[in-house]
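Here are the chains, one letter per residue:
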Amino acid sequence: MGLCLGSESTPEERQARLRSENIDRVLSECAKQELNVVKILLLGAAESGKSTLVKQMKIIHSHGFTEEELISFKPAVLDNLLSSMKFVLQGMGVLRINLANPKNTIHAQTVLSCGRCFDEDYALFPFMAHALRCLWADQGVKLAASRGYEFELNDSAHYFFRNMSRITAPEYKSTQTDLLRVRLRTTGVIETQFKINNMIIR
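The residue numbering used here restarts from 1 in each chain and proceeds along that chain's sequence as written. Residues qualify for local features only when their pLDDT is at least 70, as the model is predicted, and side-chain atom pairs are given and counted only at 80 or more; totals for whole chains, interfaces and linings, by contrast, use all residues. As a rule here, side-chain values come from all non-hydrogen atoms in the structure, and water together with hydrogens is ignored.

- An unreviewed UniProt entry annotates the protein as Guanine nucleotide-binding protein G(O) subunit alpha of Scyliorhinus torazame.

And the structure:
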């Protein structure tokens, strides 16, 4: 009876107490770290700028994008340029605007019929680069693009058209601005973390 009521703890109890103290210490440290963390949830309709805001914060507060990330966005930039030109060509039909140069009809057909228009190194095929440049030089295409609001042309399309010579060059490399302008469908939840002074934004 006296053994059960004694104040001496067993080795198992001492180990349990040490484990409990370690867990309490870890939880306390985690709680202190979380004091400097601000969590922001961005919600909004498609094309409302959620991903663009996160990309801007990464450029401003997190040393921008790495060389690998810039390379990985190259096919998306090329795809945005091509899909924007396809959209303008389709919009010309809606607006009843003709090509100023009838010879560009073959270039329009080339662009509209192209599925994958770059090689395995993500270099745009030369014939496609030529077709895009000829089309952008056409006054009918420029007129349709200037009226893009009438057929919901993406707001980044003009940026890609203005930078077409650089983007269609064989040695093209994506820039930080290209990444800000590129449109990619985002699905699911994506977490990004960056630091402002001593505050962590997640």
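Don't stop here, the text continues.
### Side note on unusual backbone geometry
1) Next: The backbone of Tyr122 shows a phi angle near 60°, a positive value even though the residue is not glycine.
2) Next: Partly exposed describes any residue whose relative accessible area lies between the buried limit of under 20% and the exposed limit of over 50%, with all areas from a 1.4 Å probe on protein chains only and scaled to the type maximum. Overall, the relative accessible area of 32% leaves Tyr122 in the partly exposed class.
3) Next: At Glu152, a residue that is not glycine, the phi angle is positive and equals roughly 60°.
4) Next: By the secondary structure assignment, Glu152 is in the loop between α8 (139-146) and α9 (157-162). Only runs of H or I of at least four residues qualify as helices and only runs of E of at least two qualify as strands under DSSP, and these elements are numbered from the N terminus.

### So, the state of the cysteines
1) Next: Two cysteine sulfurs form a disulfide in these notes if their separation is within 2.5 Å. Scanning all chains against the criterion turns up one disulfide.
2) Next: Two residues, Cys114 and Cys117, share a disulfide whose sulfurs are 1.7 Å apart.
3) Next: Taking the relative accessible area as the measure of exposure, Cys114 reaches 11% and is therefore buried.
4) Next: With no disulfide partner, Cys134 has as its closest neighbouring cysteine sulfur the one in Cys117, 15 Å distant.

### Things to note about a nonpolar patch on the surface
1) Next: A cluster of nonpolar residues, Val38, Ile40, Leu42, Leu53 and Met199, forms a patch on the protein surface that exposes about 380 Å² of accessible area.
2) Next: Within the fold, Ile40 resides in the loop between β1 (37-38) and α3 (50-61). Within the patch definition used here, like charges are joined within 9 Å and nonpolar side chains (Val, Leu, Ile, Met, Phe, Trp, Tyr) within 5 Å, considering only residues with over 30% relative accessible area and no salt bridge. Per-residue and other accessible areas were derived by the Shrake-Rupley procedure at a 1.4 Å probe size, with only the shown protein chains allowed to occlude residues. Put simply, a salt bridge is a Lys or Arg side-chain nitrogen that is within 4 Å of an Asp or Glu carboxyl oxygen.

### Topic: the nonpolar core
1) Next: By size, the foremost hydrophobic cluster in this structure holds 40 residues, and its most contacted members are Met85, Leu132 and Phe161.
2) Next: Counting residues per element, the ones that place at least two in this core are α5 (74-95), α6 (105-113), α7 (126-137), α8, α9 and α10 (164-167).
3) Next: Looking at this core, the element that brings in the most residues is α5, giving 10 residues.
4) Next: Whether two residues are in contact is decided by their heavy atoms, any of which lying within 4.5 Å being enough. Each residue touching Phe161, except ones within four places of it in the same chain, is listed here: Leu81, Ser84, Met85, Val88, Trp136 and Ala145. The nonpolar core is taken to be a set of buried Ala, Val, Leu, Ile, Met, Phe, Trp, Tyr and Cys residues, with the residues joined through side-chain atoms within 4.5 Å.

### Some remarks on the environment of His107
1) Next: Relative to the elements of secondary structure, His107 occurs in helix α6.
2) Next: Along the sequence, His107 and Asp24 sit 83 residues apart, while their C-alpha atoms lie 69 Å from each other.
3) Next: Contacts of His107, omitting those with residues within four sequence positions, involve His130, Ala131, Cys134 and Leu135.

### Topic: the pattern of salt bridges
1) Next: Throughout the structure, instances matching the rule amount to four salt bridges.
2) Next: A salt bridge links Lys173 to Glu67; the shortest N-O distance between them is 4.0 Å. Of the two residues, Lys173 sits in the loop between α10 and α11 (176-181) while Glu67 sits in helix α4 (residues 67-72), which places them 106 residues apart along the sequence.
3) Next: Using a relative accessible area of 42% as the deciding quantity, one classes Glu67 as partly exposed.
4) Next: The shortest N-O distance in the salt bridge between Arg166 and Asp178 comes to 2.9 Å. A residue pair is termed long-range when its members are at least 10 positions apart, and Arg166 in helix α10 and Asp178 in helix α11 qualify at 12 residues.
5) Next: Judged by relative accessible area, which is 29%, Arg166 ranks as partly exposed.
6) Next: Residue Asp178 is classed as buried on the basis of its relative accessible area, which comes to 0%.

### Digging into the packing of aromatic side chains
1) Next: Aromatic pairs are defined between Phe, Tyr and Trp rings, using the six-membered ring for Trp, whenever the two ring centres lie within 6.5 Å; interplanar angles under 30 degrees are classed as stacked, those over 60 as edge-to-face, and all others as tilted. Applying the stated criterion to the full structure yields six aromatic pairs.
2) Next: Between Phe65 and Phe73, the aromatic rings sit 6.2 Å apart at their centres with planes inclined by 65°, giving edge-to-face as the arrangement.
3) Next: You can call Phe65 buried: its relative accessible area is 11%.
4) Next: Placement of a charge over a ring requires the Lys NZ or Arg CZ to be within 6 Å of the ring centre, with the centre-to-atom vector within 35 degrees of the ring normal. Across the ring face of Trp136, the terminal group of Lys142 is positioned such that the distance to the ring centre comes to 5.4 Å.

### Describing the sheet that holds strand β2 (residues 194-196)
1) Next: In short, DSSP must find at least two bridges between two strands for them to pair. The three strands are arranged β1-β3-β2 in an open sheet whose pairing can be described as mixed. Whereas interior strands pair on both sides, the edge strands pair on one side only; in this sheet they are β1 and β2.

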